[in-house]
Every structure is written in C-alpha cells, then in structure tokens.
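# A structural walkthrough
If you want the building blocks of each chain, they are given just below.
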Amino acid sequence: AKMDRLLDVTKLHCQRAEEEGHETRVIIFSQFRDCVTELVACLDNERPGIRAMPFIGQAGAQGKKGLSQKDQLEVVKRFKQGGYNTLVATCVGEEGLDIGEVDLIVLYDVASSPIRLVQRMGRTGRKREGRVVVLVTQGREEQKYNQTMSNKNAIHKAIAEQDRLACALWQGAPRMVPVGLDPVLTDVCWT
C-alpha cells in the first residue's frame, strides 16, 4: 500500500508539472539500499514521465558496493540537466552535494533523527515553492514520526530562544564576519 501511495504521489506530481509546461525534480528518501533498488525498479514502469535513478553511498554493510564518487557526481549532473527527474536516495542525498532545485521530497520511511528530518526536508523550497510528503504507516512508524517531529520542534524552539542558546556557545571563538560588518537578526522563520 505504501509503494502504491508513493507511485500515486510521484505520478500525479510529474503529470501536473508536464501539464503546466515546466520541468520538475523529485527526491525520494529511504533508509535502506535494498529498498532504494526496489523503488527504482517500480518507478521504471512509469517511464518516460518518471525517470528515476538510485543515489546511494560508496560502500554499504556486508561489503555491498555502491556508487563511486565519480558516479555520484555523474548522477547529480544528469539530474540537474534533466536526464533523470527523480532521485531515489539514501542518507547520502541529505547534504553536501549541490543537487539543484527540487520541487517534491518524499520520505518513504521515517528517519529517527530530527536532524536528518530537517536535512531531508531542507532539500526543497530554496528558490521556489516545494512540497514534502511523508509516508507513514499506522502504529510504530507513526509513533516514531510523531516523536521525531516533537524533537525537531524542540530544536527549533531552542534555536529561536537566543538567551538559552548563547550560554551553550563558546565565547572565545574568533570572529568569522569581517570587521566593520555587523549583521542583525531581523526575523526567524521556520518552514
């Protein structure tokens, strides 16, 4: 049922983009490499509307081979250029590489770390409006998601309360902003 929902969400998104005459980019996150492979195989049945490619790390558990750094860069290049419009990624897609503009993020399973959740969600909505869909099954996974969101909100609150945060920062750090520039925080906005 979860796989069916993923296909529905992704197909509808790509169809709407095509009807509106603009290109779209999608990233689907899964924690497990085997699941990434399975998802790409299912999405391949939806070509040419969905052109999916796995995006995984260089080496996995039990010596499983992954994508070399060169292969990763090639996948990202083809994704940005439109050769692929969908990446199915493990945590390697969360940070670091410049993946470009992404319109839809689908979290196929829930990361227990609130930092990972923020990193994954932060892959969209940078220069234009983006959407995040989290697929959650009832029961334990739903509880895990609720706990992760609660932890995420607690982190946001702690960051927003500058007085509490300041005492946890090392005051002896060298100045990073050039002398003469004094940035002022005007607003805090969480999306």
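Refer to the structure presented above.
So, here's what we can say about the structure. Since this is a predicted model, take the numbers as computed values, not measurements.

### Re the overall build of the protein
- The secondary structure content of the protein amounts to six helices and five strands.
- Walking the protein from its N terminus toward its C terminus, one meets helices and strands in the order α-β-α-β-α-β-β-α-β-α-α.
- Residues counted as buried form 35% of the 191 residues belonging to the protein.
- Within the protein, counting contacts between residues at least 6 apart in sequence, those at least 24 apart form 69% of the total.
- When the accessible surface of the protein is totalled, it reaches about 12200 Å², and 52% of it is carbon and sulfur.

### Considerations on the environment of Arg-51
- Checked against the element boundaries, Arg-51 lands in the loop between helix H2 (33-43) and strand S2 (52-55).
- If sequence neighbours within four positions are ignored, Arg-51 has contacts with Gly-82, Gly-83, Tyr-84, Asn-85 and Thr-86.
- From its side chain, Arg-51 meets the backbone oxygen of Gly-82 in a polar contact 3.0 Å long.

### Quick word on the pattern of salt bridges
- One pass over the structure, following the stated rule, counts five salt bridges.
- Residues Glu-141 and Lys-2 are paired through a salt bridge, measuring 2.9 Å at the closest nitrogen-oxygen approach. Pair noted here: Glu-141 is in helix H5 (residues 140-160) and Lys-2 is in helix H1 (residues 2-20), with a separation of 139 residues, a long-range link. Comparing Glu-141 with Lys-2 shows no difference in burial state: the two are buried.

### Overview of the nonpolar core
- In this structure, Ile-27 and Ile-28 are the most contacted members of the largest nonpolar core, which totals 38 residues.
- Looking at this core, the elements with two or more residues in it are H1, strand S1 (26-29), H2, S2, helix H3 (69-81), strand S3 (86-89), strand S4 (104-107) and helix H4 (114-121).

### Looking at the pairing of S4
- Burial along S4 is two-sided: Leu-104 and Val-106 and Ile-105 and Leu-107, pointing in opposite directions, are all buried.
- Of the strand pairs in this sheet, S1 and S4 are connected by four bridges, and their pairing is parallel. Note on S4: the bridge partner recorded for Val-26 is Leu-104.
- Where S4 lies against strand S5 (residues 131-134), four bridges are found, and the strand directions are parallel. Bridging across to S5, Leu-104 finds its partner in Arg-131.

### With respect to H1
- The first and last C-alpha atoms of H1 sit 27 Å apart over 19 residues, in line with the 27 Å expected at 1.5 Å per residue.
- All buried positions along H1 are accounted for by Lys-2, Met-3, Leu-6, Leu-7, Val-9, Thr-10, His-13, Cys-14 and Ala-17. Take H1 and look down its axis: the buried residues cluster within an arc of 170°, on one side only. The exposed residues of H1 that point more than 90 degrees off its buried face are Glu-19 and Glu-20.
- Elements that come into contact with the buried residues of H1 comprise S1, H2, S4, S5 and H5.
- Trailing H1 by a residue or two, Gly-21 shows a phi angle of about 75°, which is positive.

### A few points about the packing of aromatic side chains
- In this structure the tally under the stated criterion is zero aromatic pairs.
- Note that Lys-2 overlies the ring of Tyr-108, its terminal NZ or CZ placed 5.1 Å from the centroid.
- Directly above the ring of Phe-79 sits Arg-25, whose terminal nitrogen or CZ lies 6.0 Å from the centroid.

### A closer look at the sheet that holds S5
- If you walk across this open sheet you meet the five strands as S2-S3-S1-S4-S5, and the pairing is parallel. Two strands close off the open sheet at either side, each with one partner strand: S2 and S5. When the angles between neighbouring strand axes are averaged without regard to direction, this sheet yields 20°.
- Contacts from H2 reach S1, S2 and S3, with the element oriented near 155° to S3.
- The sheet strands contacting H3 are S1, S2 and S3, and the helix crosses S2 at an angle near 145°.

Calculation rules
- Residues numbered from 1 in each chain as written.
- Predicted model: local features only at pLDDT ≥ 70, side-chain atom pairs only at ≥ 80, totals over all residues.
- Heavy atoms only, no water.
- Helix = DSSP H or I, 4+ residues; strand = E, 2+ residues; numbered from the N terminus.
- Buried < 20%, exposed > 50% of the residue type's maximum accessible area, 1.4 Å probe, protein only.
- Contact = heavy atoms within 4.5 Å.
- Areas by Shrake-Rupley, 256 points an atom, 1.4 Å probe, with all protein chains shown as cover.
- Polar contact = N/O pair within 3.5 Å; in protein donor to acceptor, adjacent residues only side chain to side chain.
- Salt bridge = Lys/Arg side-chain N within 4 Å of Asp/Glu carboxyl O.
- Core = buried A, V, L, I, M, F, W, Y, C linked by side-chain atoms within 4.5 Å.
- Pairing = 2+ DSSP bridges.
- Expected span 1.5 Å × (residues − 1).
- Arc of directions from axis to C-beta.
- Phe/Tyr/Trp six-rings, centres within 6.5 Å; stacked < 30°, edge-to-face > 60°.
- Lys NZ or Arg CZ within 6 Å of the ring centre and 35° of its normal.
- Axes fitted to C-alpha atoms, helices over the stretch in contact; angles between N-to-C directions.

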